[in-house]
Amino acid sequence: MSLTEQSATELLQLLNQGEISSVELTQSYLDQIEAKDSQIGAFLRIDAKAALARAADIDTRRQSGKPLGKLAGLPVAVKDVLCDTETKTTCASRMLENFRPPYDSTVVAKLKAADAVLIGRTNMDEFAMGGSTENSAFQITRNPWDLERAPGGSSGGAAACVAGGMAPLSIGTDTGGSIRQPAGLCGVVGLKPTYGRVSRYGLVAFASSLDQVGPLANTTEDAALLLETIAGHDPLDSTSLDVPVPEYTATINRPLEGLRIGVVREHFATGLDPEVESAVRDAIKVYESLGATVKEISLPHSKYAVATYYVIAPSEASSNLARYDGVHFGHRHSQLSVPDPTSNSLVEMYRCSRSEGFGPEVKRRIMLGAYALSAGYYDAYYLKALKVRRLIRQDFDTAFEQVDLIASPVTAEPAFKIGQLADDPLSMYLVDLYTVSANLAGLPGVSLPCGFSSSGLPIGLQLQAKPLAEETLLRGAHMYQKATDWQSRKLDQLK
Amino acid sequence: MAITRADVEKVARLARLRLSEDELTSLTNELSQIVTYVDQLAEVDTDAVEPMTHAIELHNVFADDVVRPSLPREQALANAPSHNDQAYLVPPVLGD
Amino acid sequence: MSDSYKTIIGLEVHVQLATNSKLFCRCSTQFGAEPNTQTCPVCIGMPGSLPVMNRTAYQLALKTAVAINCEIPAFTKWDRKQYFYPDLPKGYQISQFDLPMSANGYLEISDEKEGRFEPKRIGITRAHLEDDAGKSIHDEVHGKADSQIDLNRTGTPLLEIVSEPDLRSSAEARAYLEELKLLLEYIGVSDCNMQEGSLRCDANVNLHLETENGKVATPIVEIKNMNSFRAVERAIDYEAERQYRVWQETGQRIGEAPKQTRGWDDASGKTLPQRSKEESSDYRYFPDPDLVPVLSTPEQVAEVRAALGELPASCRSRLSADHGLSPYDANVLVNQGRALLDYFFTTAKTCNDFKTTCNWVTQHVLRILKEQETTIEEFAVSALQLAELITATADGQLPKSRSKDAFEMMCAEKIDVATAIDRLGIEQVDESALVALCQELLATNPKIVADVQAGKQQAVGSLIGQAKKKNPNVDPGRFRELCLELVAKM
Ligand SMILES: [Zn+2]
């Protein structure tokens, strides 16, 4: 087995035992990227020299017996939405094509402190808005399982680089499913933590009350390792939770006897692909065989989740993206010819800069959000959505009195073809059906492979837990992975 | 609810976007579709429900009033499209 | 001016709270730094940055709200007020919309000069905490060169205090501002420096007219750019007259014209129309998801109230009720600010004579402070030294006639009263020496003796002058008494 086929946990062991060097490992991944990424397009930028220099530095420190961080020498890919002083942060947008932040996001700072080797910046939908990574202003990312298909999004690059063996660990962000959905479509593990579990400081905001940073990896254990590294209270983020971070990897092997799994009646309605349904139902049977009890539950307001989400997320986005006006950072319109004589040159500069800097999906959401917040519509749309949001959360509160985990599909269908949904925004939004609720309610959720379609595409299983129950979530996912062999079959198919 | 082209133009001005004729046309259709879908929220009874602004509801989060170093000016201005090493520059603001 | 209308005025005051760091980041709030040297990712609004509220800013805001008698709701939150402007880097101001941290307060005002208006209570609609914008420096000459943006001020904590439209004249408006400023200084929440922009005021003005068809109101005008209390007075007076003229010309009523914003031009003494920001009316307020609400209990509010210390209004009533000062004197003392009042109390309590202390402070101390353009903190004579002076005078150790000389010398040379008495050569004159001097002078001035015997007591006056020439330490009062006694015995 080559290095890049091993799990991060195994690689870390090899590094710690001195069996491999970080330079050697980093080089292996750089070779993979070199070989594959021209086809897949997972990375926006790679700085091989810097990555190798950092790996060499870690190797030197290891040899001289100096204390090293938790991920010492392990390559990690980062979605191009988290600020890092050593590279640009573009959010896959023309608007921030040249933006070089003067500060590190807390997550990047933690990765650096853990001595991870930040190997490259991954592609995404512009400003994390989208579910296919087709909204990147710079390139398309392809699904490693089928290059005609999308990897999902918005963390499409983050999922594809792990699925393609180009990074053992990667950091994504999830506002409505942007980690879990691409993880599901690319056959990797992706976890969205409880809102507030991981600092948002330095994460370029899409929808502040929904955004969370989380890990993507080949195995649940790897995801747990990465989550341990990036989680924790941050005084720079007012919405960060001030609670200790458990050592997830320590409890991940506890048996599942007595665990209560909920299956949501409303999740198996029409529109669910039969192959996806049967894979998910099979997975639930596996849980029963592991000693878990299964119970049918109801989330009566879940059918309103997408509508609620597509009011709240664009509303916040329209405000968060108001700062891109071509004055303090970002793209500015270059010619000051004034197309509209009724406007002054400053207003015209704003309007042109923003229209040139943002792509169509970003503009669509800004428009939708500005509309929902504007005079006369606030109560009917924004305020209404905030109230339905509470009902959705209350449904979960009731459900988690009866069960520990909720099992569901991640998406109704496996990976769709590139371009298939590009001209139909509403259908694209409906892909988020199973994932947006966790963001609205602030819950942790994980997506993990649970089978393959007849055409050989991975199918994802989603588990959700109550706030701060990542330990249960990771244990549930890990024990399932130990009991099944999707992981090894996955690798076989990829070859 | 159907959204008119005039609505779209008005919101575009509010959001400081300059949209082409084609964009105005397609956005009028797309936003109408999406808003019509969102209109289903009206059927939910939310009379006694408090709005939920945050995913996890915290309160009273403060920082101590202790001055920390600011950015060197050079770094603060480094990403600005136009500056004179001291200030950001923008086209003249008329009136106000 | 005309009696045919009433001027209706509401004031919006922005107070910069006296914190070290900004409201949502830890950049310094120090005034006067080089442009763009006090900024960070948060106050520049850089992608990814997040606000965290300054605890002290909130506490100062709460303290102020309690001091202006506001109700403090159990729950408050912060909202984004969205508009585009180059000095607003986030594209929104973090302010408070529907659930401000305080509401329904009041401030009592009275007329310092008396006779212009009756004491009254001015309602305060609300006071809320928000962040300040930066500064735009425009090309004043041509309006063609680029504007320059300095973000040092961006994010400075402001408390916006909105009054009810309860004010009826420029004099009342000024009294309100002065009383508010005094209160803010007493509780130490702001330096209230108008030149540095720590205190800013906008006024909403319109007129109520009595016509044959009943009461009519003119459209409301918001006046901005007033940089002193005097400017506020002048602008309101100008605006009331202007609105009356416009009313006579157009008959336009409230609702028939949109709310207008006008800027005060101090040089020409006029308000001039300002170009309104495009679509500024739709601010699309919504709760800021990056900040969390603040909850407070009645106990916490009570604690803040208890820690406020004595406020100006209660100082005034205490001085007149408990210490017998006239309301006028109490007002003069209290309006000088907390430091002078503390000085006064220290002196008065030490010498145990409030009235005499009041005379000294209002007549002499204030005069010298004004002459020397200095503050009570830097005044040469300490409160205890002034008390010693008053006591020495009362004891007769220092003749009343020489006490002012002693005080002037203490001011000029920064010495205590004993040293001043010494340097002035003041000695107490022995009673027998005084009697001898008296007898001597009566003997050499028979004409005066005759005048006094004829009932002209004031004739003794010229003897006092002679006595002082012979011995400057003679107490004129005692000398006069002795003379009269001796003449009576003749
Ligand atoms: Zn700052």
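The following paragraphs examine the structure supplied in this document. (Residues numbered from 1 in each chain as written. Chains lettered and ligands numbered in written order. Predicted model: local features only at pLDDT ≥ 70, side-chain atom pairs only at ≥ 80, totals over all residues. Heavy atoms only, no water.)

Here's the deal with the sheet that holds strand β16 (residues 286-287) of chain C
- Overall, antiparallel pairing links the three strands, which are arranged β5-β4-β16 (chain C) in an open sheet. Two strands close off the open sheet at either side, each with one partner strand: β5 (92-95) and β16 of chain C.
- Pairing of strand β4 (residues 79-82) of chain C with β5(C) involves four bridges; the strand directions are antiparallel. For Asp79(C), the partnering residue across the bridge sits in β5(C) and is Ser95(C).
- Against the sheet, helix α10 (residues 305-320) of chain A engages β4, β5 and β16 of chain C, with an angle of about 60° to β4(C). (Pairing = 2+ DSSP bridges. Helix = DSSP H or I, 4+ residues; strand = E, 2+ residues; numbered from the N terminus. Contact = heavy atoms within 4.5 Å. Axes fitted to C-alpha atoms, helices over the stretch in contact; angles between N-to-C directions.)

Quick look at the interface of chain B and chain C
- The partner chain C presents 49 residues to the 35 residues of chain B that form the contact.
- Buried area between chain B and chain C, both sides added, is near 3900 Å², and the carbon and sulfur share of it is 56%.
- At the junction of chain B with chain C, the criterion picks out one salt bridge.
- Across the salt bridge formed by Asp64(B) and Arg55(C), the nearest N and O atoms sit 2.3 Å from each other.
- In the side of chain B that touches chain C, the residues fall into 19 nonpolar, nine polar and seven charged. (Buried area = accessible area lost by both parts, 1.4 Å probe. Salt bridge = Lys/Arg side-chain N within 4 Å of Asp/Glu carboxyl O. Nonpolar A, V, L, I, M, F, W, Y, C, P; charged D, E, K, R; others polar.)

Considering the coordination of the zinc ion
All names here are of chain C.
- The zinc ion binds to the protein through Cys25 (SG), Cys27 (SG), Cys40 (SG) and Cys43 (SG), with metal-donor distances spanning 2.3 to 2.4 Å.
- Here the zinc ion binds four donor atoms, and the angle range of 99 to 117° at the metal identifies the geometry as tetrahedral.
- One chain supplies every donor to the zinc ion, and in sequence these donors are spaced C-x1-C-x12-C-x2-C. Note that cysteine 27 is positioned in the loop between β1 (5-16) and α1 (41-44) and cysteine 40 in the loop between β1 and α1, a separation of 13 residues in sequence.
- Owing to a relative accessible area of 2%, cysteine 27 belongs among the buried residues under this scheme.
- Overall, the relative accessible area of 11% leaves cysteine 40 in the buried class. (Donors = N, O, S within 2.8 Å, 3.2 Å for Na, K, Ca; no water. Tetrahedral: all angles 85-135°; square planar, octahedral: opposite > 155°, others 65-115°. Buried < 20%, exposed > 50% of the residue type's maximum accessible area, 1.4 Å probe, protein only.)

Some thoughts on unusual backbone geometry
- The step from Gly153(A) to Ser154(A) runs through a cis peptide bond, and the omega angle for that step is 5°.
- Looking at the element boundaries, Ser154(A) is found in the loop between β3 (117-122) and α5 (156-163).
- The phi torsion at Asn69(C) lies on the positive side, around 65°, for a residue other than glycine.
- Counting through the fold element by element, Asn69(C) comes out in the loop between α2 (55-67) and β3 (75-76).
- Look at Asn69(C) and you get partly exposed, because its relative accessible area is 32%.

Thoughts on the side chain of Glu126(A)
Residues and elements named next belong to chain A.
- Looking at the secondary structure, you find glutamate 126 in the loop between β3 and α5.
- Buried charge without a partner: glutamate 126 forms no salt bridge, and the closest opposite charge is arginine 94, 8.3 Å away.
- Every residue in contact with glutamate 126, bar those within four places of it in the chain, is listed here: Cys91, Ala92, Ser93, Arg94, Asn135, Ser136, Gly357, Phe358, Gly359 and Val362. (Lys, Arg positive; Asp, Glu negative; His and termini not counted.)

Overview of helix α4 (residues 229-250) of chain C
- For α4(C), spanning 22 residues, the distance from its first C-alpha to its last is 31 Å, which sits close to the expected 32 Å at 1.5 Å a residue.
- Backbone geometry just downstream of α4(C) places Gly251(C) in the positive-phi region, at approximately 65°. (Expected span 1.5 Å × (residues − 1).)

Describing the interface of chain B and chain A
- The interface of chain B with chain A comprises 53 residues on the first partner and 70 residues on the second.
- Carbon and sulfur atoms supply 67% of the area that chain B and chain A bury against each other, a total of about 5500 Å² over both sides.
- Counting the surface chain B buries against chain A, the share from its top three residues, Arg18(B), Met52(B) and Asn79(B), is 14%.
- Applying the counting criterion to the chain B and chain A interface returns four salt bridges.
- Residues Arg18(B) and Glu348(A) are paired through a salt bridge, measuring 2.5 Å at the closest nitrogen-oxygen approach.

A look at the sheet that holds strand β2 (residues 88-90) of chain B
- One open sheet holds the three strands; their spatial order is β2(B)-β9(C)-β8(C), and the pairing between them is antiparallel. Two strands bound the open sheet, and with one partner strand each, they are β2 of chain B together with β8 (135-137) of chain C. Between one strand and the next, the sheet's axes are offset by a mean angle of 30°, whatever the strand orientation.
- Where β8(C) lies against strand β9 (residues 147-150) of chain C, three bridges are found, and the strand directions are antiparallel. If you follow Lys135(C) over to β9(C), its bridge partner there is Asp150(C).

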